[in-house]
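# Remarks on the overall topology
Here is how the chains run, residue by residue.
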Amino acid sequence: MVRSLTLLLIVFCMSPATHLAAQNPAAALGSRDEGAFLPDPGRLTICPESAFLRNDDQTFENAVSWQHEGVSGGPQYYGAWAEGYTASFVCGIQLVFAQVGEYTGATIDIYIWDSDTSGFIPVPGNVICYFPGVHIGTVAQYPNFSTYEREVCCDVGGLHFVGFWPNWPGAVSQFSVGADEDGAGEGMPRTKISPSTSYPSGWQLPNVVPIYESIVSLGIREYSGGNCGISPTVETSWGAIKSLY
C-alpha cells in the first residue's frame, strides 16, 4: 500500500454549513465561495502509462451525501453516487471524500456500470465491475479533502459510469463525496434516489434535490488506458490532503 500526503494552504470564504440535519436524507457540508484545490496525482502512483480523467475543475466547493432513509442496501443501492466517462478500459478509480467527525470505518461498494441511454439522459445501467466492502482508510476533516484510490481492470467499451454506494443504510452519513459547484459544467454526475424520500426516485441528476442544485460534477475520477490486461486488483491510497485556514 502506497500512501503520500500533500499539504496545501489556500484562503477561502465559507457560507453557513448545512451539516447533517437530523433525519434529513439529503446532506451537504456547506458551500464555499472558493473551492479547495486538489492537484492531479502523479502518473506512477497507480496505473502507470494511463490517462487520468476527471470532470471537475480540481476544486471542490462542497461535499454531499445521503443518509437515513436515503440509503438502503440490496440490489437497488439507493444512495449511490456516480460520474460518467468515455473510455475503453478503466484501470483505476479515485474518490474524493471529507467528513465532519461521524466516520467510524464504514465501507463502500465500488461499481462500474455501462450506460443506459434509453431515457432522457444517460444513467448507470448494468453493473460491469463490482468491488464490495471496500475500506477507504483515513478520511480528512472538512473543509479538508482526502482521496482513496483503487487499481482495477474493467473493460467498459465506451460511455460508462463509475461510483460507489455508502454502507450506512438508515443511519447518519459518515463521510461525503466532493462536489464541484463552479466548474465548466461538463460533468455527468448522477445519484440514485430512494423512493422513501420526497424527491424523484431512481437515477437522477443531483440537482433535482434543492441542496444539491449547484453540483456540476463529483469527486469521482478514473484512470483509463488501453487493455490493462489481467493484472490483479491492488488497493492503494494516494492520500492527497488539503488543509484550509
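Scroll up to find the structure.
So, a few notes on the structure that sits alongside this text. (Residues numbered from 1 in each chain as written. Predicted model: local features only at pLDDT ≥ 70, side-chain atom pairs only at ≥ 80, totals over all residues. Heavy atoms only, no water.)

### Here we look at the overall build of the protein
Scanning the protein from N- to C-terminus turns up zero helices and 15 strands. When the 245 residues of the protein are sorted by exposure, 54% land in the buried category. In the protein, the proportion of contacts linking residues at least 24 apart, taken out of those at least 6 apart, comes to 82%. (Helix = DSSP H or I, 4+ residues; strand = E, 2+ residues; numbered from the N terminus. Buried < 20%, exposed > 50% of the residue type's maximum accessible area, 1.4 Å probe, protein only. Contact = heavy atoms within 4.5 Å.)

### Quick notes on the environment of cysteine 154
Along the chain, the position of cysteine 154 falls in strand 9 (residues 146-166). Between the C-alpha atom of cysteine 154 and that of serine 224, which follows or precedes it by 70 residues, the distance is 9.5 Å. Once you skip the residues sitting within four places of it in the chain, cysteine 154 turns out to touch Ser88, Phe89, Val90, Ile112, Ile128, Cys129 and Cys228.

### Brief notes about the pattern of salt bridges
Taken as a whole, this structure holds one salt bridge when the rule is applied. For the salt bridge of aspartate 56 with arginine 221, the shortest nitrogen-to-oxygen distance reads 2.8 Å. Taken as a pair, aspartate 56 in the loop between strand 3 (51-53) and strand 4 (59-60) and arginine 221 in strand 14 (residues 220-225) lie far apart in primary sequence, 165 residues in all. Here aspartate 56 and arginine 221 have matching classes, each one buried. (Salt bridge = Lys/Arg side-chain N within 4 Å of Asp/Glu carboxyl O.)

### Things to note about the state of the cysteines
Cysteine pairs can be linked by a disulfide, which is a covalent bond between their two sulfur atoms. For the coordinates displayed, the defined rule picks out one disulfide. Linked covalently through their sulfurs, cysteine 129 and cysteine 154 form a disulfide whose S-S length is 2.1 Å. On the sign convention where negative is left-handed, the bridge of cysteine 129 and cysteine 154, at about 105° about the S-S bond, is right-handed. Of this pair, cysteine 129 sits in strand 8 (residues 123-134) while cysteine 154 sits in strand 9, placing them 25 residues apart in sequence. (Disulfide = S-S within 2.5 Å.)

That's the geometry; what it means functionally is another story.
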